[in-house]
Structure formats: structure tokens, C-alpha cells
Amino acid sequence: MKTAVFSARRYDQTLLARANARCAHELVFLQDRLDNNTAQLAAGCEAVAAFVNDDLGAPVLERLSALGVRFVTTRSTGFNHIDIQAARRLGLTVARVADYSPYSVAEFAVGLLQAVNRKIARASMRTREGNFELDGLMGFDLHGKTVGVIGTGKIGTLFARIMAGFGCQILGSDLHHNPDFEAVGGRYVSNAELFAVSDVISLHCPLTDDTRYIVNAQTLASAKPGCILVNTSRGGLVDTEAAIAALKTGRLRGLAIDVYEQEASLFFQDLSSTIITDDVIQRLVSFPNVIVTGHQAFFTEEAIGQIMQTTIDNLDDFAAGASLGERLVA
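The structure displayed is predicted, hence computed values, not measured ones. (Residues numbered from 1 in each chain as written. Predicted model: local features only at pLDDT ≥ 70, side-chain atom pairs only at ≥ 80, totals over all residues. Heavy atoms only, no water.)

Caption draft 1: Seen up close, the side chain of Arg327. Considering the arrangement of structural elements, one finds Arg327 in the segment after α12 (301–320). The buried category is assigned to Arg327, whose relative accessible area is 17%. Sequence-distant contacts of Arg327, that is, excluding residues within four places in its chain, are made with Val94, Ala95, Arg96, Ala98, Thr310, Asp313, Asn314 and Asp317. (Helix = DSSP H or I, 4+ residues; strand = E, 2+ residues; numbered from the N terminus. Buried < 20%, exposed > 50% of the residue type's maximum accessible area, 1.4 Å probe, protein only. Contact = heavy atoms within 4.5 Å.)

Here you go:
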């Protein structure tokens, strides 16, 4: 099946081609991000393989449908970038990667937490310049601290298990209580209590209408003074302006994010030789107690290999008329 692969980086091309070695799919690799201006590049293709920052809103889906595209598969678990109602109206089948290494994101979240808490990036930059002074690098022990986990699915529960290993008290917030989370010592509380008593808050929930800006001026005002916020899920969970205000007042001791609400025009590309006009991200990276990475929490050999294999499996099953199971979105 001829498939336009948008936002295709070098590793996408290598690993997708490897996964496709025994299959007959014709993969057209495009570095361009999918949007209303680039959708035309899918002309002649039956399927589109998209990524998290591709635009699959109604106008783009309508254009793809008009071009003859029948199937959309996203190389991600989340699908908040896809207008599912529009896809159903147009008769487009949409699939996702239902599962990939949850360890990749959970482990990275812990790394971000320690990086901002123990000021590891600042320390490394100092020593490169011959400065071995310790002033300004003091963190705190995680042992005995309270860690709040918002979203207790596979990734959130793995993160909780790791933090329990540090000797932390684990609190959770989720509409659905996960017995695996409770089995590692997690206790469910309200969002209000979680914000009020947590020394660390880590976000692991999907982005929905209900969770958008779950971290906002009001919730931050009620947060424990001096807490650290970690976000490896979706940028839209955090009101960035409110987070900046909380950093200025000291309500947030630190902020560690791998995702950003306006990341679509920034992430997964080299902008080091250009003028970045996003003033918000520029302000964020100017804080000494902020760590920003470019949506790389998922980026391990195991996770990427599984994502690419599932993408090819999705194409196989759709072409054969087989069931997509839990990978089917619409």
C-alpha cells in the first residue's frame, strides 16, 4: 500500500524501512510536517503515517480524503492531534500505536526530575568551563518526599514504582483507579490534595478537553510552595504562562518539561541558526531552574523499534481487512 510518511526523520526512514523489509508497502518519506499546505504531497497514496505534531484537523483530513487517502496511522499512542469526528464523517480509518515501551518515558521523567533537582545540566556546563564551585547547585533528597502522579496508566505506574524505590510517598490522581498503582504503594487522592502536599508533581495523563491546562494559575496557587513539576506527557496539560508566574514567585522550585503547548512549530527540527520568535519558550529556557527537552522521552531503541513495527502492522492489517483491535481509533 502506497503510504506518505510525514515528519520523517532519518531514524524513521531507517527503522520503518527495516520493519517493512518483508512487506510490500511503498513508503514515501517526507520530512515536511503534515498540515493544510503539505497535505497535497500525499496525492496518489492510499495511506498516511503521521506523527504527534502533524495537523490532522478537519480541513487536512478533508483534503486527504479528496486525494484518495483511506487510512491514517499515527506513530504515537496519543491521538489528540486528530479530529476523530471528522475522520468518521469522511469514512477514514484511523489507527495508532496502542503500546510501546512505557519504561522509556517513565525513566526519562525520573531523569528530568533529578536533572532539575540536582542541577545536573548547570553543573556540567560549569565544569566544562573549569568552574568546580558548588554554590547554587544544592538540591534535596527524594527519600521521604511526597510525589504526586497525575495519570496512573502504564507509564504513570512505572514512574510511581521507580519513585517508591527512592523511598517516596506516592499519591495518585486518575478517574480510573489502577490496582497496579496501588500495589506499588500509591494512594489515590483528589487533585486538590495532591497539589497541596506534593513535593514533586509528574504528569502522565492524556490531553483531553478535561485535562487541558490541568496545571493552571489556580492549581499552582494551591500547590505546596517549592514543588517541582515534571511533564513528559502533552504540552497542553500545562498553562505555560501560569508556570512562568509560579517560577517567578518561587511557588515552583523547578520545572522539567519534555513537551510544550506550542511545540509543533519548534520541536523535531534544528533552529539553532534562526531567530526563534516564540517569546514564551525563550523565557522558559532563560530560567536556571528549568529544563526543557525536545519531546525525546519516548526516544529509545526499544520504543522506536516497537512504534515502527506497529506502524507497519497497522498498514498490513488495514490492507488485509484484518482487525486492528485496540489500535483502532476510528
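Next comes the rest of the description.
Caption draft 2: Broad picture of the packing of helix α10 (residues 240–249) against helix α11 (residues 279–286). At a minimum axis separation of 11 Å, α10 and α11 run at an interaxial angle of 30 degrees. With respect to α11, the axis of α10 lies roughly parallel. As for how α10 packs across α11, the hand of that crossing is left-handed. Residues Thr240, Glu241, Ile244 and Leu247 of α10 pack against Val280, Arg283 and Leu284 of α11. Looking at the contact of α10 with α11 residue by residue, the class counts come to four nonpolar, one polar and two charged. (Axes fitted to C-alpha atoms, helices over the stretch in contact; angles between N-to-C directions. Parallel < 35°, antiparallel > 145°, perpendicular 65-115°, else oblique. Left-handed = near helix turned anticlockwise from the far one by under 90°. Nonpolar A, V, L, I, M, F, W, Y, C, P; charged D, E, K, R; others polar.)

Caption draft 3: Seen up close, the nonpolar core. Among the nonpolar cores identified, the biggest contains 85 residues, and Met163 and Leu284 are the most heavily contacted of them. Element by element, the count of residues in this core is highest for helix α4 (residues 102–117), at nine residues. In contact with Leu284, not counting residues within four places along its chain, are Thr240, Ile244, Leu247, Leu255, Ile257, Tyr260 and Val290. Leu30, Leu56, Ala86 and Val329 belong to the second largest nonpolar core, which has 24 residues in total. (Core = buried A, V, L, I, M, F, W, Y, C linked by side-chain atoms within 4.5 Å.)

Caption draft 4: Just the pattern of salt bridges, in detail. Inspection of every chain in the model, using the stated rule, returns eight salt bridges. Of the charged contacts, one joins Arg70 and Glu46 as a salt bridge, the two residues approaching to 2.8 Å between their closest N and O atoms. Here Arg70 is found in the loop between α2 (58–66) and β4 (71–74), whereas its partner Glu46 is found in the loop between β2 (26–29) and β3 (47–50), with 24 residues between them in sequence. (Salt bridge = Lys/Arg side-chain N within 4 Å of Asp/Glu carboxyl O.)

Caption draft 5: Structural context of the sheet that holds strand β5 (residues 93–95). On the basis of which strands lie adjacent, the open sheet formed by five strands has the order β2-β1-β3-β4-β5 and parallel pairing. Across the chains shown, the open sheet's two edge strands, defined by having one partner strand only, are β2 and β5. The mean inter-strand angle of the sheet, taken between neighbouring strand axes irrespective of direction, is 20 degrees. Pairing geometry for strand β1 (residues 2–5) and β3, over three bridges, is parallel. Its bridge partner being in β3, Val5 is matched across the sheet by Ala49. Packed on one face of the sheet, helix α1 (residues 10–19) meets β1 and β2 and runs near 180 degrees to β2. Running over the sheet, α12 touches β1, β2, β3, β4 and β5 and is turned about 160 degrees from β4. (Pairing = 2+ DSSP bridges.)

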